[in-house]
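The residues making up each chain are set out below.
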Amino acid sequence: MLSCAGRNVKNLSPEEKPHSRQDWILLRAAHFGILPSEAEKRDLLIREDTPFREEDEELKKEAALIWRDMCALCHGIDGDPSKSLLVEPKPKKLGGFAMRMGFFFGGDAMRTAIYKIIRDGKGRMPGFAQKLSREQMWAMVRYLERM
Ligand code: HEC
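1. Side note on the layout of surface pockets
- For the largest pocket, the calculated volume is near 910 Å³.
- Only α3 (57-75), α4 (96-120) and α5 (134-146) provide two or more residues apiece to the lining of the largest pocket.
- If one sorts the elements of the lining of the largest pocket by residue count, α3 sits on top with ten residues.
- Residue classes in the lining of the largest pocket are distributed as 23 nonpolar, three polar and eight charged.

And the structure:
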């Protein structure tokens, strides 16, 4: 079952798209009832060397949309790269038992290392620092942890 972050990715509506960094900041401003400049500042105050754990349903859904539209092409919708369109070299399988063990033993050091791969990219994977906010990138770490 393609259930990630407590949400079946098959149930996401095709019309719904993940937000660009800037649009996500605007959405957060509306969500918290703060100015866009304050939402921007909030995001830049999120630390990048230690996991950010605040989340709500809006952010969980955003992570599922990001996975479907920005990651699954190369990683496979359920983290299995044999189902991806990326030819070679394929990334290793994400999610499942091996990854859960990794998180269990790797703890916050592993979470932070994964955050940095998402931010900066690795090999053929592009970095997402320009496309996604810090909050969105940390949401992806949690998404993978539950995958
Ligand atoms: C253009 C294809 C592509 C896209 C898009 C992509 N990745 Fe990757 N990703 C890769 C490749 C290839 C690797 C393996 C990199 C290496 O080790 O050389 C990788 C590695 C990773 C790893 C590290 C796996 C490990 O154990 O070393 C994580 C985590 C990851 N990607 C998450 C994501 C997330 C989250 C997204 C979406 C925001 C994403 N990727 C988008 C191709 C992609």
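2. Focus: the site of the ligand
- The environment of the ligand is made up of 19 residues, and the closest members are Cys71, Cys74, His75, Lys92 and Met125.
- Note that a nitrogen atom of the ligand is positioned 2.7 Å from one of the side-chain N or O atoms of His75.
- Lys122 places a polar side-chain atom, nitrogen or oxygen, 3.4 Å from an oxygen atom of the ligand.
- The set of elements that each furnish at least two residues to the shell around the ligand consists of α3 and α4.
- In terms of residue class, the shell around the ligand is made up of 14 nonpolar, two polar and three charged.

3. Thoughts on the coordination of the iron atom of the ligand
- Within the protein, the atoms that donate to the iron atom of the ligand are His75 (NE2) and Met125 (SD), at distances of 2.0 to 2.2 Å.
- Taken together, the six donor atoms surrounding the iron atom of the ligand define angles of 83 to 180° at the centre, an arrangement classified as octahedral. Placement of the pair is His75 in helix α3 and Met125 in the loop between α4 and α5, with a sequence separation of 50 residues.
- Among the residues examined, Met125 registers a relative accessible area of 24% and is labelled partly exposed.

4. Quick notes on helix α2 (residues 36-45)
- Listed in full, the buried residues belonging to α2 are Ala39, Arg42 and Asp43. Projected onto a plane normal to the axis of α2, the buried residues spread over an arc of 95° and lie on a single side. More than 90 degrees from the buried face of α2, the exposed residues found are Lys41 and Leu45.
- Buried residues belonging to α2 abut α1 (21-32) and α5.

Calculation notes
- Residues numbered from 1 in each chain as written.
- Predicted model: local features only at pLDDT ≥ 70, side-chain atom pairs only at ≥ 80, totals over all residues.
- Heavy atoms only, no water.
- 1 Å grid on protein atoms, 1.4 Å probe; cavity = no way out; pocket = protein on both sides within 12 Å on 5 of 7 lines; lining within 4 Å.
- Points joined across faces, edges and corners; volume = space filled by probe spheres on them.
- Helix = DSSP H or I, 4+ residues; strand = E, 2+ residues; numbered from the N terminus.
- Nonpolar A, V, L, I, M, F, W, Y, C, P; charged D, E, K, R; others polar.
- Near = heavy atom within 4 Å.
- Polar contact = N/O pair within 3.5 Å; in protein donor to acceptor, adjacent residues only side chain to side chain.
- Donors = N, O, S within 2.8 Å, 3.2 Å for Na, K, Ca; no water.
- Tetrahedral: all angles 85-135°; square planar, octahedral: opposite > 155°, others 65-115°.
- Buried < 20%, exposed > 50% of the residue type's maximum accessible area, 1.4 Å probe, protein only.
- Arc of directions from axis to C-beta.
- Contact = heavy atoms within 4.5 Å.

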